[in-house]
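Here are the chains, one letter per residue:
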Amino acid sequence: MITLIDGGVCAAAGFSAAGMHAGIRKNRSKRDLALLTSSVPAAAAAVYTRNLVQGAPIAVTKAHLAASGGYASAILCNSGNANTCNPGGEAVAQETCDALARELGIDTNAVVVASTGVIGEPLNAQPIVTAIPQLVSALDASTDAAHAAAEAILTTDTHAKEVAVSFELSGAHGPVRCSLGAMAKGSGMIHPDMATMLVFITSDVAISPQMLQQALSTDVRSSFNMTSVDGDTSTNDTVAILANGLAGNTPIEAEGADFNEFMKALNTVTMHLCKLIAGDGEGATKLLECAVEGAANEEAAKALAKSVITSSLVKTAMFGADANWGRVLCALGYAGVPVDPHGISVSFESAAGSITVCEQGVGVGFSEEKAKEILLEKEITIRVALSDGSASATAWGCDLTYDYVHINGDYRS
């Protein structure tokens, strides 16, 4: 059984965290530098944005994981500056990794590095290098330390995003209790095609780097790749996971029952973060979920669900609590996959109830008052039933509000 627990990224054995203000951001009340460490080398895996314009830290992290054979001991992340499209950006990222490696007494290839914030502004390595000794001395395995690190990676997010679970895998002498913890940042520039935002996951499971990469690459297809806030894919998106083996389970080196259970636990964590990220979209007031069933195949179901969740007209209708179901059909029609328009049914659901607004491609009579009551809730499901097959998929997003424009109209200030 998979159980939600406290502890965030420090829930798994052997992991410590810290977060502090290093001087990257002007606001001294905001933490801007986070550190995660494993007490022993950990199997590592990562997925990245497919935006062709990528932050310098991605190149450095890719090189480090390739050189280390898929092992890492630390993750260093700053907010306030994306270190993207800057001369010498990779050298700056490498300099911060080198400084951390010296302080921790590890190889520099054991460091995963990430940045988030404004694009095109040079990042000075010195504040980070100067802060590293203090950051390392603040490392702790407490829930408070995990929260401090989660706060330090935020940009326009309104709150930290953390989750942890426990579950059982097989061991030499019976079941072994294992843990997964995670933190994420993401509020704007969220429309991924491989990973999303910044997500850092820790685990005490013993698993090979190859199987860990397989697990992560498979999971993101139905989790983070199905999350969208504004249709903009970031330059710095990275999801990284470290698994140090301290739980003592039988090492996972191939597919099987334990790998499947690990996948279930990982998906529980990533789905939780997807909803936190989508619900905290810039200026958002509502979490939107589009659940599609009856599609011809899984890829079609995913494309249709994402088309609905990314439609500006659907998003604004949800903001205004307007049951304008025609916008949903419109988004389904331009999703780029075959769909029978005469076999589409749509309903809106929330804590206030459920209402069917379209059947077999045409509108049905419904109470506008009841529909508005349903759509005024903070979490709304747009349920789409098709007649093309048996595949299903779910996507997550948010409404589009006046505040989104306000936030992004003066982002650099």
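Up top is the structure.
Caption draft 1: Representation of the overall build of the protein within the structure. Regarding its fold elements, the protein presents eleven helices and 15 strands. The C-alpha atoms of the protein give a radius of gyration of 22 Å, which matches the 22 Å a tight globule of 413 residues would have. Taken over the C-alpha atoms alone, the protein extends approximately 70 × 55 × 35 Å along its principal axes. Within the protein, the fraction of its 413 residues that count as buried is 55%.

Caption draft 2: Seen up close, empty space enclosed by the protein. Here the structure, examined in full by the defined rule, presents one cavity of 30 Å³ or more. Here the largest cavity defines a volume of roughly 60 Å³. Along its surface, the largest cavity is lined by 14 residues, and N78, T96, V113, S115 and I128 are the ones closest to its centre. Elements represented by at least two residues in the lining of the largest cavity include exactly β4 (71-81), α2 (89-104) and β5 (111-118).

Caption draft 3: Structural context of helix α4 (residues 143-152). Burial in α4 covers these residues: A145, A146, A148, A149, A150 and A152. Contacts from the buried residues of α4 go to β2 (15-20), β3 (33-48), β4, β6 (161-171) and β7 (174-185).

Caption draft 4: How the structure looks around unusual backbone geometry. Even without being glycine, N83 reaches a positive phi, approximately 50 degrees. A positive phi angle is found at Q360, which is not glycine, with a value near 55 degrees. Locating Q360 in the fold gives a position in the loop between β12 (353-359) and β13 (362-363).

Caption draft 5: Highlighting the nonpolar core. Judged by nonpolar contacts, the single largest core of 77 residues is most densely connected at L180, F262 and F348. For this core, the leading source of residues is helix α6 (residues 257-279), giving ten residues. Setting aside residues up to four positions removed in sequence, F348 forms contacts with M318, A323, W325, V328, G353, S354, I355, V357, I374, L375, T381 and I382. I58, A72, A149 and A150 belong to the second-largest nonpolar core, a separate cluster that totals 30 residues.

Caption draft 6: Focus on the pairing of β3. Among the 16 residues in β3, 13 count as buried, and that is most of the element. Relative to β3, β2 runs antiparallel, the two being bridged by six bridges. Along β3, the bridge assignment pairs A18 with L35. Pairing between β3 and β4: seven bridges, direction antiparallel. Bridge pairing in β4 places A43 opposite Y71. Summarising the sheet, β3 and strand β9 (residues 238-243) pair through six bridges and their orientation is antiparallel. Bridge assignment links A44 to a residue of β9, and that residue is L242.

Caption draft 7: Examining the pattern of salt bridges more closely. Taken as a whole, this structure holds six salt bridges when the rule is applied. A salt bridge links E151 to R31; the nearest nitrogen and oxygen atoms lie 2.3 Å apart. One end of the pair, E151, is in helix α4; the other, R31, is in the loop between β2 and β3, with 120 residues separating them in the sequence. Note that E373 and K370 form a salt bridge whose closest N and O atoms lie 4.0 Å from each other. Pair noted here: E373 and K370 are both in helix α10 (residues 368-375), with a separation of three residues, about one helical turn. Take E373: its relative accessible area is 42%, and that puts it in the partly exposed class.

Caption draft 8: Representation of the environment of A257 in the model. With respect to the secondary-structure elements, A257 resides in helix α6. Note: C-alpha distance between A257 and S170 (87 residues apart in sequence) is 9.1 Å.

Caption draft 9: Region of the structure containing the sheet that holds β12. Overall, mixed pairing links the six strands, which are arranged β13-β12-β11-β14-β10-β15 in an open sheet. A strand with exactly one partner marks an edge of an open sheet, and here the two such strands are β13 and β15 (391-398). With two bridges connecting them, β12 and β13 associate as antiparallel partners. Its bridge partner lying in β13, C358 is registered against G363. Against the sheet, helix α8 (residues 312-319) contacts β10 (287-295), β11 (345-350), β14 (379-385) and β15, and its axis sits at roughly 135 degrees relative to β14. α10 contacts β11, β12 and β14 of the sheet and is inclined by roughly 120 degrees relative to β12.

Caption draft 10: Spotlight on the environment of A110. Note that A110 resides in the loop between α2 and β5. Taking the relative accessible area as the measure of exposure, A110 reaches 12% and is therefore buried. Counting along the chain gives 43 residues from A110 to A67, while the straight-line C-alpha distance between them is 8.9 Å. With residues up to four places along the chain from it excluded, the contact list for A110 reads Y71, A72, S73 and A74.

Caption draft 11: Spotlight on the packing of helix α5 (residues 209-219) against α6. Direction vectors running N to C along α5 and α6 enclose 45 degrees, while the axes themselves pass 10 Å from each other. By the angle between their axes, α5 is oblique relative to α6. Like other packed secondary-structure pairs, α5 and α6 cross with a definite hand, here right-handed. Judged by residue contacts, M211, L212, Q214, A215, L216, T218 and D219 of α5 engage F259, F262, M263, L266, N267 and T270 from α6. For the contact of α5 with α6, a count of residues per class yields eight nonpolar, four polar and one charged.

Rules of the game
- Residues numbered from 1 in each chain as written.
- Predicted model: local features only at pLDDT ≥ 70, side-chain atom pairs only at ≥ 80, totals over all residues.
- Heavy atoms only, no water.
- Helix = DSSP H or I, 4+ residues; strand = E, 2+ residues; numbered from the N terminus.
- Rg over C-alpha atoms; globule rule 2.2 N^0.38 Å.
- Buried < 20%, exposed > 50% of the residue type's maximum accessible area, 1.4 Å probe, protein only.
- 1 Å grid on protein atoms, 1.4 Å probe; cavity = no way out; pocket = protein on both sides within 12 Å on 5 of 7 lines; lining within 4 Å.
- Points joined across faces, edges and corners; volume = space filled by probe spheres on them.
- Contact = heavy atoms within 4.5 Å.
- Core = buried A, V, L, I, M, F, W, Y, C linked by side-chain atoms within 4.5 Å.
- Pairing = 2+ DSSP bridges.
- Salt bridge = Lys/Arg side-chain N within 4 Å of Asp/Glu carboxyl O.
- Axes fitted to C-alpha atoms, helices over the stretch in contact; angles between N-to-C directions.
- Parallel < 35°, antiparallel > 145°, perpendicular 65-115°, else oblique.
- Left-handed = near helix turned anticlockwise from the far one by under 90°.
- Nonpolar A, V, L, I, M, F, W, Y, C, P; charged D, E, K, R; others polar.

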